[in-house]
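Results of the structural survey
One-letter residues, chain by chain:
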Amino acid sequence: MIEQDNFNLDHQLIREALQKEFDSVETPSPFGKWQRIESRLNEQPERRSLQDYSWSRWAVVAAVFLVVILGGIGFFRSIQLATPLADSEAPSDVNEEFLIMEEDDNRSEAIMAVEDDAEIPIEESVSIMEEDAGSGDGDQADFGEVASTVSDWPLLLAEEYRLYNTIILDERDGIKSEGAIYRSGSNEFMLIKTKITGQSLNQYLQYISELIGVDLELIGDLDHYLQFTVFEMPGLAWQNDRFDQALFVVSGNLEVADLEVIAAEIEEII
Amino acid sequence: MEPKAVRQLVAKNDNNSRQELFEAFYRRTYSIVYHILRSHENAEDITQDAFIKAFQNIHQLTDKAKFAAWLAVIASNLARNFLKREKKMIVTDELPEINLDQQPNNTEDEALRSLETQIVRKAIRELPPEQYQVVVLYYYHDLKVDEIGAMLKISPGTVKSRLYRAREKMSHLLERDCIPACHNSKGGERSND
């Protein structure tokens, strides 16, 4: 695909142009800056203890798990189901926590990649419920039942967050909302996916709030996301042509920037 | 800095080695960040953050000779994120003017090359950050498409499409601005992976 053009657009020319661009920038002297970096590197990393978790954080953990547990037996079944997933190996040996920053792989690029016979990494996405499927589209799942028909949840997000649990949250009036909890160490977030209904993101958040029984505080737009908090923990909601989706931190110290990265990855996959 | 020396410094990872790496790669890293942000003040901060992140996570770098490319990824990702978050607040500085080489060109070929370089530089400046990022990694750091995909956590197809678009833009400018003499294909393109 990166074939030779009719012009002299060869590798060396682009390299030379880049080198000239780099050289043209007036760069401040690095001297003196090293000390600042050195002191920041030498700072003792923040250690989180149980005491660091505020009651509000425990509250949201409790709320989310209450949703799951009240939902019924699905919880225990899905734990059994999720165990081998949690033990599965990441598909890549790259584990750069800070590299989860690819934020704007937009849809057109994904489409273009497909047109180019590119491999979109959908192998991470798997229908974990295939064995439980078979009830067909017409079946009504109970609230909290293990999701059984719709989702291909990615097993791994941002290289470290493993799918821990999935549930059906709502199937009223043909609306289908499903949730998945992802976990890495003490960090957990919940991803909720709802078949698109034409409602606004604000309305969607209101709906989510009722669904999980906790208040969501609206923050505002962040790119094409709508930012909110749940017990002061960050969350993002967005829409595409198929789903309304919300992502929010359940426990740990994930920040909104982390969620943006994860959301961007989800947008590519789902 | 030679890859072997880089590998040794990264492996050593003591304070002196880190300082040496910092001084060796500061300028280039700063330039990459600056081209994305177009703001000296922010470029300084982001460049420092990039070094800190790199040093804090250096154990995750598997091929230690690729420190520069890895650092470029971290820096450009940070810059892109910053740009997305703060784009309404950033006051952009002007990039330096692109002038033809000051040295006299001895031959017609040299003059032509200088003109081509100038045009490609203009095109590079017009690339959106995500395309600029892969162009730097592919053409400057000589990473393969798969390697770039792994580092950026995007599919090789997405890398290819970004490169394709970037090349399209550069080709278009060359076609538009270059004199007919530019059209003598010389080859030399790196084979695709």
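Above this text is the structure in question.
Quick look at the structure, then. What you are looking at is a predicted structure, and each value in this text was computed from that prediction instead of being measured. (Residues numbered from 1 in each chain as written. Chains lettered and ligands numbered in written order. Predicted model: local features only at pLDDT ≥ 70, side-chain atom pairs only at ≥ 80, totals over all residues. Heavy atoms only, no water.)

Further remarks concern unusual backbone geometry. All names here are of chain B. The phi torsion at N13 lies on the positive side, around 55 degrees, for a residue other than glycine. Topologically, N13 is positioned in the loop between α1 (3-12) and α2 (15-37). The phi angle at R38 is positive, at roughly 55 degrees, despite the residue not being glycine. By the secondary structure assignment, R38 is in the loop between α2 and α3 (40-56). (Helix = DSSP H or I, 4+ residues; strand = E, 2+ residues; numbered from the N terminus.)

Evaluated as defined, the whole model comprises 18 aromatic pairs over all chains. Their ring planes at 15 degrees and their centres at 5.3 Å tell us that Y182 of chain A and F189 of chain A sit as a pair that is stacked. By relative accessible area, which is 0% here, F189 of chain A ends up buried. These aromatic residues form a ring-pair network of at least three members: W34 of chain A together with F22, F25, Y26, Y30, Y34, F51, F55, F67 and W70 of chain B. In this structure, R15 of chain A packs its charged tip against the face of Y140 of chain B, placed 4.9 Å from the ring centre. Of note, K193 of chain A hangs over the ring of W153 of chain A, and the distance from its end group to the ring centre comes to 4.7 Å. (Phe/Tyr/Trp six-rings, centres within 6.5 Å; stacked < 30°, edge-to-face > 60°. Buried < 20%, exposed > 50% of the residue type's maximum accessible area, 1.4 Å probe, protein only. Lys NZ or Arg CZ within 6 Å of the ring centre and 35° of its normal.)

Another point: helix α6 (residues 129-140) of chain B. All names here are of chain B. When the terminal C-alpha atoms of α6 are compared, their 15 Å separation across twelve residues agrees well with the 16 Å that a helix rising 1.5 Å per residue should span. Of all twelve residues in α6, eleven are buried; the element is thus mostly enclosed. Within α6, the full set of buried residues consists of E130, Q131, Y132, Q133, V134, V135, V136, L137, Y138, Y139 and Y140. (Expected span 1.5 Å × (residues − 1).)

If you trace the backbone, R15 of chain A turns up in helix α1 (residues 11-24). The class of R15 of chain A is partly exposed, set by a relative accessible area of 27%. Sequence-distant contacts of R15 of chain A, defined by excluding residues within four places in its chain, comprise Y139, Y140 and D142 of chain B. Within the structure, the side chain of R15 of chain A is placed 2.6 Å from the backbone oxygen of Y140 of chain B, a separation counted as a polar contact. (Contact = heavy atoms within 4.5 Å. Polar contact = N/O pair within 3.5 Å; in protein donor to acceptor, adjacent residues only side chain to side chain.)

Our next topic: empty space enclosed by the protein. All names here are of chain B. Under the criterion given, the structure shown has four cavities of 30 Å³ or more. Its volume calculated, the second largest cavity comes out at about 40 Å³. Around the second largest cavity, the lining residues are F25, R28, T29, I32, A68, L71, A72 and H141. Counting residues per element, the ones that place at least two in the lining of the second largest cavity are α2 and α4 (67-86). If you tally residues by element for the lining of the second largest cavity, the top one is α2, at four residues. Within the lining of the second largest cavity, the residues separate by chemical class into five nonpolar, two polar and one charged. (1 Å grid on protein atoms, 1.4 Å probe; cavity = no way out; pocket = protein on both sides within 12 Å on 5 of 7 lines; lining within 4 Å. Points joined across faces, edges and corners; volume = space filled by probe spheres on them. Nonpolar A, V, L, I, M, F, W, Y, C, P; charged D, E, K, R; others polar.)

On to the packing of α1 of chain B against α2 of chain B, then. Residues and elements named next belong to chain B. Two elements in contact, α1 and α2, have axes whose closest approach is 8 Å; the angle formed by their N-to-C orientations is 140 degrees. As far as their axial angle goes, α2 and α1 are oblique. Seen from above, α1 lies across α2 with left-handed handedness. Side by side, α1 and α2 meet where V6, L9, V10 and K12 of the first sit next to S17, E20, L21 and F25 of the second. Looking at the contact of α1 with α2 residue by residue, the class counts come to five nonpolar, one polar and two charged. (Axes fitted to C-alpha atoms, helices over the stretch in contact; angles between N-to-C directions. Parallel < 35°, antiparallel > 145°, perpendicular 65-115°, else oblique. Left-handed = near helix turned anticlockwise from the far one by under 90°.)

In short, shape yes, function no, at least from these values alone.
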